[in-house]
Amino acid sequence: MKAFISSVVASAVLLALPAAHAADNDLAALEKAARAEGQVNSVGMPDSWANWKDTWNYINSKYGLKHSDTDMSSAQELAKFDAEKENASADIGDVGAAFGPVAVTKGLAQPYKPTHWDQIPSWAKDSEGNWMLAYTGTIAFLIDKQQVKDAPHSWADLKKGKYVVTIGDVGVAAQAANGVLAANYALGGDEKNLKPALNFFGELAKEGRLGVTDPVIANIEKGEIQVAVVWDFNGLNYRDQIDKNRYEVVIPSDGSVISGYTTIINKYAKHPNAAKLTREYILSDEGQTNLAKGYARPIRAEHLTLPADVQAKLLPQSEYKNARPIKDQAAWDKTSKMLPRLWQENVIINMKQ
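The rules we used
Sequence order as written defines residue numbering, which begins from 1 separately in each chain. Local features are withheld for residues below a pLDDT of 70 in this predicted model, meaning they are given only at 70 or higher, and side-chain atom pairs are given and counted only at 80 or more; totals for whole chains, interfaces and linings count all residues. Excluded from the side-chain calculation are hydrogens and water; included are all heavy atoms of the structure. Remark: exposure states derive from per-residue accessible area (1.4 Å probe, protein chains only) relative to the maximum for the residue type, with buried under 20%, exposed over 50%, and partly exposed in between. Numbered from the N terminus, helices here are DSSP runs of H or I no shorter than four residues, and strands are runs of E no shorter than two. Relevant arc is that of directions from the helix axis to the C-beta atoms, nothing else. Buried residues of nine kinds, namely Ala, Val, Leu, Ile, Met, Phe, Trp, Tyr and Cys, make up a nonpolar core once their side-chain atoms join them within 4.5 Å. Pairs of residues are marked as contacts when any of their non-hydrogen atoms sit within 4.5 Å. Note on definitions: angles span 0 to 180 degrees between N-to-C directions of axes, and those axes are lines fitted to C-alpha atoms, for helices only across the stretch in contact. Geometric relationships in this document are graded by angle, where less than 35 degrees denotes roughly parallel, more than 145 denotes roughly antiparallel, 65 to 115 denotes roughly perpendicular, and other angles denote oblique. By the definition used in this description, the sense in which the near helix is turned from the far one sets the handedness, with an anticlockwise turn below a right angle giving left-handed and a clockwise turn giving right-handed. The charge count includes Lys and Arg as positive and Asp and Glu as negative, but it does not include His or the ends of the chains. Take a side-chain nitrogen of Lys or Arg and a carboxyl oxygen of Asp or Glu: if they are within 4 Å of each other, that pair is a salt bridge.

## Here we look at helix α4 (residues 74-84)
Consideration 1: Among the residues making up α4, those that are buried are Ser-74, Glu-77, Leu-78, Lys-80 and Phe-81. Along the axis of α4, the buried residues cluster in a sector spanning 155°; they form a single face.
Consideration 2: Directly beyond the C-terminal end of α4, a positive phi value near 45° is found at Lys-85.

Below, the structure is given as structure tokens:
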């Protein structure tokens, strides 16, 4: 227990109480407390990802908060919070949707509901405000139109095609694992039973149509990939970086999966009010627009009027009509751990030598 707490820090502590909600608190007081803290340290929120650069530049220029980031995976972020505890060097992190509940279970998060809380879908937030998605990722097809003349718009189209489909390493990449789940939804499966998708990809393997190349921009640019199964924000980014006219990005019309990323405010944060003010900004109209500039679909997309040039970076809302979030996260957590073995036994075994 610290022996001395200044009046400024005392006011900050009051603002950091668990029931904190922007609608109940004075945002001016939150800003004042954040300014007194003077800085915000993040993990997993580098300048190059989701256009965090503009967010940090704004927070620095508007509120005078210094910033530093250490890039790391979701699991590493929570491990860091847990290991450091009261010696915390990080205030806020950006983690995959599945890690929000993990942070709560481990007692690593502190709640804060921003002003636009009610515009965040119920499936995309914790009722206490410990986590809420700021932006989503939906499994999409990235199609090289130079190589693929009959561009697929559904998993059914994909099955009928003659081109090679690349999904990546389902045992390592969350993107690839979610690609399997997206196909499973479209084919009538759920989080517990992956047989429909495993059969689907097993048939592609038998036909010699399952690619083994990693669907990253370097391989796509070299023309090594005809159709890739990727997150929409990756596909759109790759498309624009390489050749917007050559590539098409579509959400499969017969089903896909929506996931996303959430901020976690470290329970032990040394600058808790700066972290809460950061979350407040990220969920604001301007903060959400910044994310869209980085190809991340804002969680409040339906409530925003994005500038035309920013809107052009995203797919229309109509593309997402049959995309849905994971219903049973606990079941998916269990099944996804089994996926590497299931993939080997049902898909890789059918690969042509």
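## A short note on the nonpolar core
The nonpolar side chains of soluble globular proteins are, as a tendency, buried together.
Consideration 1: In terms of nonpolar packing, the biggest core is built from 98 residues, with Trp-155, Phe-201, Leu-210 and Trp-343 touching the most fellow members.
Consideration 2: Apart from the residues within four sequence positions on either side, Phe-201 is in contact with Trp-155, Ile-167, Val-180, Ala-183, Leu-210, Trp-343 and Val-347.
Consideration 3: Residues Leu-304, Leu-306, Val-310 and Leu-314 belong to the second largest nonpolar core, which totals 5 residues.

## Focus on unusual backbone geometry
Consideration 1: One non-glycine residue, Lys-85, lies in the positive phi region at around 45°.
Consideration 2: Assignment of secondary structure puts Lys-85 in the loop between α4 and β3 (92-96).

## Quick notes on the environment of Ala-29
Consideration 1: Its location among the elements puts Ala-29 in helix α2 (residues 27-37).
Consideration 2: Taking the C-alpha atoms as reference points, Ala-29 and Lys-222, 193 residues apart in sequence, are found 53 Å from one another.

## Thoughts on the packing of helix α8 (residues 195-206) against helix α14 (residues 329-346)
Consideration 1: The contact between α8 and α14 brings their axes to 9 Å, and the two run at 45°. As summarised for this structure, α8 and α14 are arranged oblique, according to the angle between their axes. Relative to α14, the crossing made by α8 is right-handed. Contacts from Leu-198, Phe-201 and Gly-202 in α8 reach Leu-339, Leu-342, Trp-343 and Asn-346 in α14.

## Observations regarding the side chain of Glu-77
Consideration 1: With respect to the element layout, Glu-77 can be found in helix α4.
Consideration 2: For the buried Glu-77, which has no salt bridge, the nearest side chain bearing the opposite charge is Lys-80, at an N-O separation of 10 Å.
Consideration 3: Once you skip the residues sitting within four places of it in the chain, Glu-77 turns out to touch Val-43, Gly-44, Met-72, Gly-93, Asp-94 and Val-95.

## Observations regarding the pattern of salt bridges
Pairs may arise between side chains of opposite charge once their charged atoms sit close together.
Consideration 1: With the rule as written, the count across this model stands at 12 salt bridges.
Consideration 2: Across the salt bridge formed by Arg-35 and Glu-31, the nearest N and O atoms sit 3.0 Å from each other. Here Glu-31 and Arg-35 lie together in helix α2, a separation of 4 residues that amounts to about one turn.
Consideration 3: On the basis of relative accessibility, which here comes to 40%, the residue Arg-35 falls in the partly exposed class.
Consideration 4: Note that Glu-345 and Arg-341 form a salt bridge whose closest N and O atoms lie 3.3 Å from each other.

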